[in-house]
Amino acid sequence: MSPAVRILAALALGLAVGALGSGAAWVEAAVPAADFIGGLWLSALRMTIVPLVVALLVTGIASTASAARSGGVAGRALALMLGLLWLSAILGWALGELLWRLWPIPPESGAALRAALASQTGEAPPAPELIDFFRSVIPTNPIQAAAETQMLPLLVFTGLFAFAATRLGDERRLTIVGFFAAVRDAMLVVIGWVLWVAPLGVLALGFVVGARAGAGAAGALAHYIVSVAALGGAILLLAYALAVAGGRLGLGRFARAVIPAQAVAVSTQSSLASLPAMLEGARRLGITAETAGVVLPMAVAMFRCTGPAMNVGVAFYVAHWFGVELTPAQIMAGIALGATTTLGAVSLPGTITFVSSISPIALALGVPIEPLLLLVAVETLPDIMRTVGNVTMNVAVTATVARWTGGLGGQEAAAPADASGDRAARPG
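Residues numbered from 1 in each chain as written. Predicted model: local features only at pLDDT ≥ 70, side-chain atom pairs only at ≥ 80, totals over all residues. Heavy atoms only, no water.

(A) Spotlight on the overall build of the protein. Summing up its helical and strand segments, the protein has 20 helices and zero strands in all. Long-range contacts, defined here as pairs at least 24 residues apart, represent 86% of the contacts in the protein between residues at least 6 apart. Carbon together with sulfur atoms contributes 68% to the accessible area of the protein, which is approximately 18000 Å² in total. (Helix = DSSP H or I, 4+ residues; strand = E, 2+ residues; numbered from the N terminus. Contact = heavy atoms within 4.5 Å. Areas by Shrake-Rupley, 256 points an atom, 1.4 Å probe, with all protein chains shown as cover.)

(B) Inspection of the pattern of salt bridges at higher detail. A complete count under the given rule lists four salt bridges for this structure. For the salt bridge of Asp185 with Arg184, the shortest nitrogen-to-oxygen distance reads 3.1 Å. Among the residues examined, Asp185 registers a relative accessible area of 38% and is labelled partly exposed. The exposure class of Arg184 is partly exposed, given its relative accessible area of 24%. Two residues, Glu280 and Arg283, come together in a salt bridge whose shortest N-O distance is 2.7 Å. Of this pair, Glu280 and Arg283 both sit in helix 13 (residues 275-284), three residues apart, which is roughly one turn of the helix. For Arg283, a relative accessible area of 29% gives the class partly exposed. (Salt bridge = Lys/Arg side-chain N within 4 Å of Asp/Glu carboxyl O. Buried < 20%, exposed > 50% of the residue type's maximum accessible area, 1.4 Å probe, protein only.)

(C) Focus on unusual backbone geometry. Although it is not a glycine, Arg248 adopts a positive phi angle of roughly 55°. Counting through the fold element by element, Arg248 comes out in the loop between helix 11 (216-245) and helix 12 (251-268).

(D) Inspection of the environment of Ala261 at higher detail. Within the secondary structure, Ala261 is located in helix 12. A relative accessible area of 1% places Ala261 in the buried class. Linking Ala261 and Ser274, residues 13 residues apart in sequence, is a C-alpha distance of 5.5 Å. Not counting residues within four places of it along the chain, the set of residues in contact with Ala261 comprises Ser274, Ala277, Met278 and Val391.

(E) The arrangement of the nonpolar core in detail. Membership of the largest hydrophobic core comes to 77 residues, with the highest contact counts inside it found for Trp41, Tyr224 and Leu372. Considering each element in turn, this core owes the most residues, ten residues, to helix 3 (residues 49-70). Apart from residues lying up to four places away in sequence, Trp41 is in contact with Val194, Val197, Ala198, Gly201, Val202, Leu205 and Leu373. (Core = buried A, V, L, I, M, F, W, Y, C linked by side-chain atoms within 4.5 Å.)

(F) Quick look at the confidence of the model for the protein. On average, the protein scores 82 in pLDDT, and the residues at 70 or more come to 86%. The spread of mean pLDDT over the elements of the protein runs between helix 20 (residues 419-424), the lowest at 36, and helix 13, the highest at 92. Every residue in residues 413-428 scores below 50 in pLDDT, and together they form 13 contacts with partners more than four places removed in sequence or on other chains. (pLDDT = per-residue confidence, 0-100.)

(G) Summary view of helix 9 (residues 170-196). Between the first and last C-alpha of helix 9 there are 38 Å, a value that for 27 residues agrees with the 39 Å anticipated at 1.5 Å per step. Looking only at helix 9, the buried set comprises Arg173, Val177, Phe180, Ala181, Met187, Ile191, Val194 and Leu195. (Expected span 1.5 Å × (residues − 1).)

(H) Examining the side chain of Thr306 more closely. Assignment of secondary structure puts Thr306 in helix 15 (residues 306-321). You can call Thr306 buried: its relative accessible area is 0%. Residue contacts for Thr306: discarding those within four places in its chain leaves Ser88, Gly232, Ile235, Met385, Arg386, Gly389 and Asn390.

(I) Just the side chain of Asn311, in detail. In this structure, Asn311 sits in helix 15. Classification of Asn311 as buried rests on a relative accessible area of 2%. In this structure, Asn311 is in contact with Thr342, Ser357, Ile358, Ile361 and Arg386, ignoring residues within four places of it in sequence.

(J) Broad picture of the environment of Thr149. Inspection of the secondary structure assignment puts Thr149 in the loop between helix 7 (142-147) and helix 8 (151-165). Note on Thr149: relative accessible area 25%, which makes it partly exposed. With 210 residues separating them along the chain, Thr149 and Ser359 place their C-alpha atoms 9.9 Å apart. Apart from residues no more than four positions distant in its own chain, Thr149 is found in contact with Arg46, Val50 and Leu363.

(K) Just the packing of helix 4 (residues 72-102) against helix 14 (residues 289-302), in detail. Orientation of helix 4 relative to helix 14, taken along the N-to-C sense of each, is 40°, at an axis distance of 10 Å. As summarised for this structure, helix 4 and helix 14 are arranged oblique, according to the angle between their axes. Where helix 4 crosses over helix 14, the two elements pack in a sense that is right-handed. Residues Val73, Ala74, Ala77, Leu78 and Met81 of helix 4 lie in contact with helix 14, whose contacting residues are Thr291, Val294, Val295, Met298, Ala299 and Met302. Considered class by class, the residues forming the contact of helix 4 with helix 14 number ten nonpolar, one polar and no charged. (Axes fitted to C-alpha atoms, helices over the stretch in contact; angles between N-to-C directions. Parallel < 35°, antiparallel > 145°, perpendicular 65-115°, else oblique. Left-handed = near helix turned anticlockwise from the far one by under 90°. Nonpolar A, V, L, I, M, F, W, Y, C, P; charged D, E, K, R; others polar.)

As C-alpha cells, then:
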C-alpha cells in the first residue's frame, strides 16, 4: 500500500476500535497512552513546519523570479498563473463560507471531535485589534517570530529576504538559493522519517478520537471530505470556463482532450505523472509543441490551482469547527497566505503539501493546527479532486497562453482515424 493508504487505513482502524470499545475499562486505560503517542507524533511533524515553509518560500520565489525574467510565453503564463492562484484563494474562502452556511458542520459531531482533541489543542487566542494586527505583520525580530510560530510576520520577512536575494549577482543568489534548497531537501528527509511512523501516530489519534467521540467522528470527517472536495470541484469548473473563454475552445472538444490526463490523475494523484497525457491533450487541441513544452512543465513545477482554494477552505473549516471568530484582517491574511504558500509546494507529496501549505494559514487565523494532523489522514480522497482539477487547469492555462501568443491552431492536430483515438479519450 502507498503511505497515504496506510495512513487512511490506520485512521479507520483506530476510529473503529476506539468507537466499538468506547466505555470499556480497557479502552479508558489505554486512552492516556494512545494520547501520549499521538501527541509525540504531532510534535515531531510540527517541528518541521517553520524551516520547511521558509525554505519552500525562498526557493519558490527564486523559481518564480527566474520564470518572470524569461519573458515571452513563460512570462505571460506566469502572470496568468499568479492571478489564478489569488482567484482560487478568494473562491476558497467565499464559496466555503457559503457552503457552510447552507450545509453547516454537524453540531454533535463537531462538538464530539473538539472534545476528543481537547488534550492536543489549547484555547484559541483572542482575535487581535485591527491596528495591532497590522502592526504585528512586520516582525521586529524574525527569529522570535519563528520561535513563536508567528507565521504571517515570519513569511513577510522571508518573502522580502527572498525578493532581495533575486537582486543579487548570480554567484551570491545561487549560494543563497542553494542553501535553502539544501534545507528544504534535508527537512523532506526528516518528514519522510516522521511519515514512516505516521500510521502508528494516526492509529493512536484515531483510537483516542473514536473512544471519546464515538461514531460521530466518522460523520464529521465525511462532512469535511465532501466540503473540501466541493471547493476543488469549483476550480475544476473554472478550468473548463477558462478553456472556453480564454482559449476559445469548444467545451466538448476541450473535455475530450483532457480526459486521458484526468484518468492518469485519478489513478496516480500526481500532476507530474500526468504530464505526458497533458502534452498529448494539448497536441489534440492544436497547441504547438513549442508552447506546450514551455507552459505545461512550468505549470507542473510551480502551479497548483486547486491548492489555494482547498487549503484556505481547510483552514477556515477548522475555524468554523472550533468556533474561532475571525477579523477581516485575519481573513485577508489567510487568503494572501493561501495564494502564496502554494508556490513552493507543488512538486511535493500530498501529505507534505497538506502540512506545509495549510499550517501557515491556520496559524495566521489563530486556529489550532493539531486537527490538521487528523484531517491529513483522510486527504487521500480530496487529493484526487486536487490532482484532477490541477491537470485540467494546466491544460486550460496552456490553451489560453497559446491563444494569446499565436500558439493555438484552428484545427485539431492530425491523428490516425482509428480506435486508438477513441481509447485515448476514455478513462479506462
